[in-house]
Amino acid sequence: MSRVYLTGAGPGDIELLTIKALRVIKEADVIIYDRLANPDILEEAKSGCEFVYVGKEDGRHIMPQDDINEVIYQNALKHKCVVRLKGGDPFVFGRGGEEALYLLEKGIKFDVIPGITSAISAPAYAGIPVTHRGVSVSFRVVTGHESPNKKVSQIPWENFKSDDTIVFLMGLHNLPRISKKLIELGKAPNYPVAVISKGTTKDQVVVVGTLENIVKKSKDVPTPALIVVGRVVELRDQLKWFEGND
Ligand SMILES: C[S@@+](CC[C@H](N)C(=O)[O-])C[C@H]1O[C@@H](n2cnc3c(N)ncnc32)[C@H](O)[C@@H]1O
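Predicted model, so just to flag it, every value in this text is computed and none were measured.

Q: Any chance you could break down the domain arrangement of the chain for me, citing the residues and the numbers?
A: Domains assigned within the chain are domain 1 (3–113) and domain 2 (118–239). Spacing between the C-alpha centres of domain 1 and domain 2 amounts to 28 Å. Residue-level contacts link 11 residues of domain 1 with 14 residues of domain 2. Between domain 1 and domain 2 lies a buried interface of about 850 Å² when both sides are counted; carbon and sulfur atoms form 66% of it. If you look at where domain 1 meets domain 2, you find 0 salt bridges. Here the side of domain 1 that touches domain 2 is composed, by residue class, of 5 nonpolar, 3 polar and 3 charged.

Here is the structure:
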């Protein structure tokens, strides 16, 4: 009987892979992976393991999700141990739920191996705690993919007035609209924002600014990148530990 492991690869730093993920990667007959998973992880696979790339480039899908679901299913028919390796956590904007539902429909057994999501770990490597006593009592992880100009939004923008932390994933191309919308909602133009690119890797870049100037300051930042909005960003001055840490 075959089994599919919907596995989180973590955000980039290979040492942020879980022990359980590493175990199934070593046992895998096939690994189906995407762009955000650190390719060095594949070197941990046993000899003879097959690799299938179904990567996505920031919204531009190399392979449609329906086809990816089918690739996973077809591999489950052929192999005993199938690892579906996804960047960060498979259920945080990873479409892991859709893949699990497809396998369920086809009668294929699956396990979910959570991964360390970029939403928390990239801020942590930038010296930004997503919650901090007296500063932020909660954090939201929000898609930045939906344009704030959309007539009927699925995002509860009205709830973003507090000082609680907002982490936008997939939002770099929408940053001008996101910052404008937050100012329209009543946040001060000098409200703190950070953009973190390639978080947790040796190429990590962190740009700190305000709602008013972050677009200009981060215009050349490469993807993948996320946006942190909140007073917690101010803690980075004291807590940054990773960059230049040898
Ligand atoms: C499709 S979502 C997948 C998120 C992933 N499942 C996770 O839990 O981190 C892709 C988005 O995650 C963010 N992202 C992923 N890895 C990142 C990294 N190392 N540094 C900064 N942002 C990252 C970016 O906002 C990117 O557009």
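Q: Tell me what's going on with the site of the ligand, and back it up with residues and numbers.
A: Taken together, 18 residues lie near the ligand, and Val 92, Thr 117, Ser 118, Gly 199 and Ala 225 sit nearest. Take Ala 225: an N or O atom from its main chain is 2.7 Å from an oxygen atom of the ligand. Burial of the ligand by the protein amounts to 91% of the accessible area it has alone, namely 570 Å². The class makeup of the residues in the shell around the ligand is 10 nonpolar, 5 polar and 3 charged. No fewer than three residues from each of domain 1 (3–113) and domain 2 (118–239) sit in the shell around the ligand.

Q: Report on the pattern of salt bridges, specifying residues and quantitative values.
A: On inspection of all chains with the given rule, the structure shows 15 salt bridges. When the shortest N-O distance is used, the salt bridge between Arg 84 and Asp 34 registers 4.0 Å. Placement of the pair is Arg 84 in strand E6 (residues 81–86) and Asp 34 in the loop between strand E2 (30–33) and strand E3 (50–53), with a sequence separation of 50 residues. Under the relative-accessibility criterion, Arg 84 is labelled buried at 0%. A salt bridge links Glu 99 to Lys 86, with the shortest nitrogen-to-oxygen separation between them at 2.9 Å.

Q: Quick rundown of helix H3 (residues 96–106)? Include the residues and the values.
A: Think of an α-helix as 3.6 residues a turn; residues three or four steps apart then line up on the same face. All of the buried residues in H3 are Gly 96, Glu 99, Ala 100, Tyr 102 and Leu 103. Along the axis of H3, the buried positions cluster into a sector of 160°, meaning they face one direction only. Of the exposed residues in H3, those oriented more than 90 degrees away from the buried face are Leu 101, Leu 104 and Glu 105. Of the surrounding elements, those touching the buried residues of H3 are strand E1 (3–8), helix H2 (65–78), E6 and strand E7 (109–113).

Q: How would you sum up the sheet that holds strand E8 (residues 139–143)? Please name residues and give values.
A: Sheet strands associate in pairs through backbone hydrogen bonding, adopting either a parallel or an antiparallel arrangement. The 5 strands are arranged E8-E9-E12-E10-E11 in an open sheet whose pairing can be described as mixed. Each of the sheet's edge strands pairs with one partner strand only, and the pair in question is E8 and strand E11 (205–210). Neighbour-to-neighbour, the strand axes of this sheet turn through a mean angle of 20°, independent of strand direction. Here strand E10 (residues 192–197) pairs with strand E12 (residues 225–229) via 5 bridges, running antiparallel. Its bridge partner lying in E12, Val 193 is registered against Val 229. Set on the sheet, helix H4 (residues 118–125) makes contact with E8, strand E9 (165–169), E10 and E12; between it and E12 the angle comes to about 75°.

Here is what the cut-offs are and how they apply
- Residues numbered from 1 in each chain as written.
- Predicted model: local features only at pLDDT ≥ 70, side-chain atom pairs only at ≥ 80, totals over all residues.
- Heavy atoms only, no water.
- Domains from an automatic or database assignment.
- Contact = heavy atoms within 4.5 Å.
- Buried area = accessible area lost by both parts, 1.4 Å probe.
- Salt bridge = Lys/Arg side-chain N within 4 Å of Asp/Glu carboxyl O.
- Nonpolar A, V, L, I, M, F, W, Y, C, P; charged D, E, K, R; others polar.
- Near = heavy atom within 4 Å.
- Polar contact = N/O pair within 3.5 Å; in protein donor to acceptor, adjacent residues only side chain to side chain.
- Areas by Shrake-Rupley, 256 points an atom, 1.4 Å probe, with all protein chains shown as cover.
- Helix = DSSP H or I, 4+ residues; strand = E, 2+ residues; numbered from the N terminus.
- Buried < 20%, exposed > 50% of the residue type's maximum accessible area, 1.4 Å probe, protein only.
- Arc of directions from axis to C-beta.
- Pairing = 2+ DSSP bridges.
- Axes fitted to C-alpha atoms, helices over the stretch in contact; angles between N-to-C directions.

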